[in-house]
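Chain residues, written in single-letter form:
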Amino acid sequence: MDLSLLTPVSEHEWHILPTGKMRVPGIVYASEDLVREMDHKVYEQITNVATLPGIVQASYAMPDAHWGYGFPIGGVAAFDANRGGVVSAGGVGFDISCGVRALYTGLKKKDIEPVKQKLADILYRNVPAGVGSTGRLHLDTKGMHAMLSGGAQWAVKHGYGRPEDLHRIEERGCMQGALPDSVSDQAKTRQQDEMGTLGSGNHYLEIQEVVETFHDPLSQQLGIQNGDILVSIHCGSRGLGHQIGTEFLKKMVMAAGKYGITLPDRELACAPIDSPLGQEYLGAMRAAINCALANRQIVTHLVRQAFADILPHADLRLMYDVSHNTCKVEEHVIGNQSRRLFVHRKGATRAFGPGHPDIPPDLQAIGQPVLIGGTMGTFSYLLVGTAESMNMAYGSACHGAGRSMSRHQATRLWQGGAVIEDLAKEGILIRSPSKRGVAEEAPGAYKDVTAVVDAAEAAQLARKVAKMRPLICIKG
Amino acid sequence: MDASEPSPRWEHFPHDADMGIRGIGHSKAAAFEQAALALTAITIDPDKIHPNLKRTFSCEAPDDELLFVDWLNALVCEMDTHKMVFARFHVMINNHQMEASAWGESVDRQRHEPAVEVKGATYTELSVHQLPNGCWVAQCVVDV
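Note that this is a predicted model, so its numbers are computed, not measured.

**Things to note about the overall build of chain B**
Scanning chain B from terminus to terminus reveals three helices and eight strands. Its helices and strands taken in sequence order, chain B reads β-β-α-β-α-β-β-α-β-β-β from the N to the C terminus. The C-alpha atoms of chain B give 14 Å as radius of gyration, which agrees with the globular expectation for 144 residues (15 Å, within 12%). When its C-alpha atoms are laid out on the principal axes, chain B stretches across 45 × 30 × 25 Å. Scored against the burial criterion, the 144 residues of chain B give a buried share of 54%. A separation of at least 24 residues holds for 62% of the contacts in chain B among residues at least 6 apart in sequence.

What follows is the structure in structure tokens.
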């Protein structure tokens, strides 16, 4: 991105002053190096989002912002229904409520090493991953509606996990306001055999070792020590979310004229929050959030079954579950006034600071855990939200590193088999049905996640707690 | 893209997070067919697919570009719902309405070694247009 187009406010905050049809400024939180690396398309997308009706304060971009579709990936924007605000299917994306959850295991690396190959194999067998995979659960119409209404609460009720898991999931595992009837039959059919599946692409299941902790009181309060083994699960709402995104993008594009909305980019398809279409989308999107929460809950159950077979003394407790493609209704103080806003986070993680009522009581003093996924060969991070971030981008932070090159480029540079061998030499076991998929996801194809996380901390969006390195990675 | 080359073909173009697909053909329908091959090639080498089973599709949209996205999304939905992949396509377009057939088979994870799945076709970099040499181009970014 051309730095001359931005006004630096601090070392990690850059403003794009409103011009043309922009209703609010753009604000980028990143280091100079990261801003410089961002594609010019990110600038265009930030400014396009700033033109949407009812947008409040600013169109924000996180340190990992990169060229998305409509919104940048790493984009955050809030809209006020009382001021003509909109809800945007493009602002949430196709993989609705894609997210990451982390589990404690109570194990150390020495516990894993003797059974590492076996554990990798059984995890790969237990958790369906990749194109063409299906789950063991087939949902009929009644079951589908119950799942779409109940989310992870439905999953726990049906034996997939423990009641205490729900305390550590956003919305306590169930997004209120879901309208299963707003979800098309096609979306439901697409999902009926996909519960408890990882998907493909950048989704993963990892066994990770904590290799560094930061800000000791925070890591102690979260129960994290160097050498701890964690499980990390990254997946979303699968075919159902993709189909809802597809269908509502088209509906909103076609209805824009009726609502008097001029779209600078059709991918920003949106509808007034209070319109029938806006309400229909919100109901369907919330059902997809529940699908994603239920999906990660079922995958968690499958992981626990795998561990029970070979490491029966392991206790897999849920640390936290965060979503990063959502639109949620939240109260935020704007000026001196508390306002009810529809906060879109596209490739951005909610990162509420200490004391926020939506954080579980036992985490109130710390802030909301923020899980940042890395690559199969580099680090992932655990952070927590800050008090400062509540006044910056509605309590939001980055979600990952972002790609540094296309999948095509990656396959020209790496071969999947060689990547797997190289990582094995570093003590990282990969299990995947696709060598090409592994090449496309090679660690070198991604930007430096550490630079992104450091920028998020320097900008005060979130504070680092722990750094994790993968030992086993199941890729779709 | 080399606009002087008239033979039907497909290609991928880069996008930060996802992938761009482009079909080029002598007609709009041929460009749609080539783009469908580009879509398939994101997941599986089309040469590995046996075109044994036929599926039919009908799409209608207010303009060519929305029709193109509808076509791709109809394929994505069929592939995901029925775990199928397609390697041969026949498209007929008449005034923003299309009828199409696709031939393929069920995903064979051993033989196909499928890579990343496509979540949906987007309106980003979306364009259906005719080149000065008469060829048609149909392209967009797809979310993977």
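From this point, the discussion proceeds with the structure in view.
**Topic: the overall build of chain A**
When you go through chain A residue by residue, the secondary structure sums to 13 helices and 19 strands. For chain A, the C-alpha radius of gyration of 21 Å lies close to 23 Å, the compact-globule estimate for 476 residues. In terms of overall dimensions, chain A has C-alpha extents of about 60 × 50 × 50 Å along its principal axes. In chain A, which comprises 476 residues, the share counted as buried stands at 63%. By sequence separation, contacts in chain A at least 24 residues apart represent 77% of the contacts at least 6 residues apart.

**Things to note about the interface of chain B and chain A**
With 29 residues of chain B at the contact, the number on the chain A side is 39 residues. When contributions to the side of chain B that touches chain A are tallied by element, the ones reaching two or more residues are strand 1 (9–14), helix 2 (64–82) and strand 8 (136–143) of chain B. For the side of chain B that touches chain A, the element with the most residues is helix 2 of chain B, which contributes five residues. Counted by class, the side of chain B that touches chain A contains 13 nonpolar, eight polar and eight charged residues.

**Thoughts on the sheet that holds strand 4 (residues 84–94) of chain B**
Residue and element names in this part refer to chain B. On the basis of which strands lie adjacent, the open sheet formed by three strands has the order 3-5-4 and antiparallel pairing. The open sheet has two edge strands, strand 3 (53–60) and strand 4, and neither has a second partner. In this sheet, neighbouring strand axes are inclined to one another by 20 degrees on average, regardless of whether the strands run parallel or antiparallel. Of the pairings in the sheet, the one linking strand 3 to strand 5 (residues 97–106) comprises eight bridges and is antiparallel in character.

**Considerations on the pairing of strand 7 (residues 99–108) of chain A**
All names here are of chain A. Within strand 7, seven of the 10 residues are buried, which leaves the element mostly enclosed by the surrounding structure. Looking at chain direction, strand 7 and strand 11 (residues 318–323) are connected through five bridges and run antiparallel. The residue bridging Val100 from the neighbouring strand is Val322, located in strand 11.

**Brief notes about the packing of helix 8 (residues 238–255) of chain A against helix 2 of chain B**
In contact at an axis separation of 11 Å, helix 8 of chain A and helix 2 of chain B are set at 165 degrees when each is read in the N-to-C sense. Taken as axis vectors, helix 8 of chain A and helix 2 of chain B run roughly antiparallel relative to one another. Relative to helix 2 of chain B, the crossing made by helix 8 of chain A is left-handed. Here helix 8 of chain A contributes A:Gly239, A:Gln243, A:Thr246 and A:Lys250 to the contact with helix 2 of chain B, which in turn contributes B:Leu66, B:Asn73, B:Cys77, B:Asp80 and B:Thr81. Residues belonging to the contact of helix 8 of chain A with helix 2 of chain B are distributed by class as follows: two nonpolar, five polar and two charged.

**Side note on the sheet that holds strand 13 (residues 337–346) of chain A**
Residue and element names in this part refer to chain A. One open sheet holds the seven strands; their spatial order is 1-2-3-4-5-13-12, and the pairing between them is mixed. Each end of this open sheet is capped by a strand with a single partner; those strands are strand 1 (7–10) and strand 12 (325–334). Here the average twist between neighbouring strands, direction ignored, is 40 degrees.

**Considering the pairing of strand 4 of chain B**
All names here are of chain B. Sheet analysis places strand 4 next to strand 5, joined by 10 bridges and oriented antiparallel. Note that in strand 5 the partner of Phe86 across the bridge is Gly104. Joining the antiparallel neighbours strand 4 and strand 5 is a turn of two residues, in which Asn95 adopts a positive phi near 55 degrees.

**A short note on the environment of A:Ala65**
Within the secondary structure, A:Ala65 is located in strand 4 (residues 59–69). When the C-alpha atoms of A:Ala65 and A:Val28 are compared, they prove to be 8.5 Å apart, with 37 residues separating the residues in sequence.

**Considering unusual backbone geometry**
The phi dihedral of A:Ser97 falls on the positive side, at around 60 degrees, and the residue is not glycine. Along the chain, A:Ser97 falls in the loop between strand 6 (86–88) and strand 7. One non-glycine residue with positive phi stands out, namely B:Glu125, at about 55 degrees. Mapped onto the fold, B:Glu125 is located in the loop between strand 6 (120–121) and strand 7 (127–130).

**Overview of the nonpolar core**
Counting residues in each nonpolar core, the largest one holds 219 residues, and the members touching the most others are A:Leu383 and B:Val142. Sorting elements by how many residues they give to this core places helix 9 (residues 276–310) of chain A first, with 17 residues. Residue contacts for B:Val142: discarding those within four places in its chain leaves B:Asp18, B:Met19, B:Ile21, B:Leu39, B:Ile42, B:Leu72, B:Val118, B:Gly120, B:Ala121 and B:Thr122.

About the thresholds
- Residues numbered from 1 in each chain as written.
- Chains lettered and ligands numbered in written order.
- Predicted model: local features only at pLDDT ≥ 70, side-chain atom pairs only at ≥ 80, totals over all residues.
- Helix = DSSP H or I, 4+ residues; strand = E, 2+ residues; numbered from the N terminus.
- Rg over C-alpha atoms; globule rule 2.2 N^0.38 Å.
- Buried ≥ 20, exposed ≤ 12 C-beta atoms within 10 Å, placed from the backbone.
- Contact = placed C-beta atoms within 7 Å.
- Nonpolar A, V, L, I, M, F, W, Y, C, P; charged D, E, K, R; others polar.
- Pairing = 2+ DSSP bridges.
- Axes fitted to C-alpha atoms, helices over the stretch in contact; angles between N-to-C directions.
- Parallel < 35°, antiparallel > 145°, perpendicular 65-115°, else oblique.
- Left-handed = near helix turned anticlockwise from the far one by under 90°.
- Core = buried A, V, L, I, M, F, W, Y, C linked by C-beta atoms within 7 Å.

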